[in-house]
Amino acid sequence: MKKFMLLHGINHNMFGKRNPEQYGTVTLDEINENVQRLARELGVSVTCFQTNDEGKMVDKIHEAYTEHYDGVMINAGDWTQYSYGISDALEMLECPLIELHMSNIHKREEFRHHSVISPIATGIIVGLGADVYTLGLRALADRTREPEQK
C-alpha cells in the first residue's frame, strides 16, 4: 500500500476559527477526515500531522524521508515564505512533493506571493479551499501508481 504524509503548518489547528472569510469554517479535523475517506477509496494510507513548532515539522519531514514515504503534501502556512529549514528538509525527499494553499496566495498580500517551497515542489495547488487537500492526494496517487495502472 502506498503511504503518503500530509503536513499542516503553523496556525492550522485554528482552521474554522481563524480568519473564516479567508479560509472558511472547515476545521483541521474535518480536512483530515476528508483526506482519510479519500485515502480509503484510493487504497492508500495517509499520515496527517500538524504542528506550530518548526523543529517538529522538520523532524516529521525527516521521518517521511527515512521511512520512505511515497509522497508528501504540505501546507506550511506562513513558513512558506521564509523557512529555509523546512525547505532544506523537503529538498531531501526522494518522492513527489505537493505544495498546498487553501487561499489563492497570488490574490493576497505581496509577501505571500513568494514561496521557498515552490522551487522544489512537484506541483502546487492553490485557491480552492479545503479541496486542495483531496486534490493533492489524488495527484500523489496518480503520480505514484504502478506503470501498468496509469
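**Q** Can you tell me about helix α5 (residues 84-91), naming the residues and giving the values?
**A** The α-helix advances 3.6 residues per turn, and as a result positions three or four apart in sequence lie on the same side. Taken together, the buried positions of α5 are Ile86, Ser87, Ala89 and Leu90. Each buried residue of α5 lies within a common arc of 165 degrees when the element is viewed along its axis, so the set occupies one face. With respect to the buried face of α5, the exposed residues turned more than 90 degrees away are Tyr84 and Glu91. If you follow the buried residues of α5, they end up packed against α3 (54-66), β3 (71-75), α4 (79-82) and β4 (97-101).

**Q** Kindly report on the packing of α3 against α5, identifying the contributing residues and their values.
**A** Contact pair α3 / α5: the axes reach a minimum separation of 9 Å and the direction vectors enclose 5 degrees. Judged by the angle between their axes, α3 and α5 are roughly parallel. For the pair formed by α3 and α5, the contact residues are Glu54, Met57, Val58, Ile61 and His62 on the first element and Gly85, Ile86, Ala89 and Leu90 on the second. Classifying every residue of the contact of α3 with α5 by side-chain character gives six nonpolar, two polar and one charged.

**Q** Could you give me a rundown of α3, with the residues and numbers involved?
**A** A rise of 1.5 Å per residue sets the reference length of α3, with its 13 residues, at 18 Å; its end C-alpha atoms lie 19 Å apart and thus fit the reference within 8%. Looking at α3, one finds that the buried residues are Met57, Val58, Lys60, Ile61 and Ala64. Along the axis of α3, the buried residues cluster in a sector spanning 160 degrees; they form a single face. In α3, the exposed residues that point more than 90 degrees away from the buried face are Asp59 and Thr66. Where α3 is buried, its residues meet β1 (3-8), β2 (45-50), β3, α4 and α5. Measuring from the backbone nitrogen of Gly55 back to the side-chain oxygen at the start of α3 gives 2.8 Å, which picks out Asp53 as the cap. Following α3 by one or two positions, His68 has its phi on the positive side, about 55 degrees.

**Q** Please give an account of the packing of aromatic side chains that cites residues and values.
**A** This structure, assessed with the given rule, holds zero aromatic pairs. The ring of Tyr69 carries Lys3 above its face, with NZ or CZ at 4.8 Å from the centroid.

**Q** Let's hear about the pattern of salt bridges: which residues, and what values?
**A** Applying the stated criterion to the full structure yields two salt bridges. A salt bridge links Lys60 to Glu63, with the nearest nitrogen and oxygen atoms 3.3 Å apart. Note that Lys60 and Glu63 are positioned in helix α3 at a spacing of three residues, about one turn of the helix. Judged by its relative accessible area of 15%, Lys60 falls in the buried class. Using a relative accessible area of 23% as the deciding quantity, one classes Glu63 as partly exposed. As a salt-bridge pair, Asp142 and Arg145 come within 2.6 Å of each other at their nearest N and O atoms. On the accessibility criterion, Arg145 (29% relative accessible area) is partly exposed.

Reading the values: the criteria
Positions within a chain are numbered from 1, following the residues in the order the chain's sequence is written. Only residues with pLDDT of at least 70 are given local features in this predicted model, and only at 80 or more are side-chain atom pairs given and counted; all residues enter the totals for whole chains, interfaces and linings. Each side-chain value is derived from all of the structure's non-hydrogen atoms; neither hydrogens nor water enter the calculation. Partly exposed residues are those whose accessible area sits between 20% and 50% of the maximum for their type, while under 20% is buried and over 50% is exposed, using a 1.4 Å probe and protein chains only. The helix count covers DSSP runs of H or I at least four residues long, the strand count covers runs of E at least two residues long, and both are numbered beginning at the N terminus. In this context, the arc is that of the directions from the helix axis out to the C-beta atoms. Only heavy atoms enter the contact rule, under which two residues are in contact if any of them lie within 4.5 Å. In this description, a line fitted to the C-alpha atoms serves as the axis of each element, helices being fitted only across the stretch in contact, and the angle between N-to-C directions of two axes falls anywhere from 0 to 180 degrees. For classification purposes, an angle smaller than 35 degrees is called roughly parallel, one larger than 145 roughly antiparallel, one from 65 to 115 roughly perpendicular, and anything else oblique. Each residue is assigned to one class: nonpolar for Ala, Val, Leu, Ile, Met, Phe, Trp, Tyr, Cys and Pro, charged for Asp, Glu, Lys and Arg, and polar for all the others, Gly among them. Between the first and last residue of a helix there are one fewer steps than residues, each counted as 1.5 Å, and that sum is the expected span. Identification of polar contacts relies on pairs of N or O atoms within 3.5 Å, with a donor-acceptor requirement for protein atoms, meaning one able to donate a hydrogen and the other able to accept it, and with residues adjacent in sequence counted only if both atoms are side-chain atoms. The pairing test for Phe, Tyr and Trp rings, Trp by its six-membered ring, is centres within 6.5 Å, and the orientation test on the planes gives stacked under 30 degrees, edge-to-face over 60, and tilted for anything in between. Two limits define a charge over a ring: the Lys NZ or Arg CZ must be within 6 Å of the ring centre, and within 35 degrees of the ring normal. Salt bridges, as used here, are contacts in which a Lys or Arg side-chain nitrogen is within 4 Å of a carboxyl oxygen on Asp or Glu.

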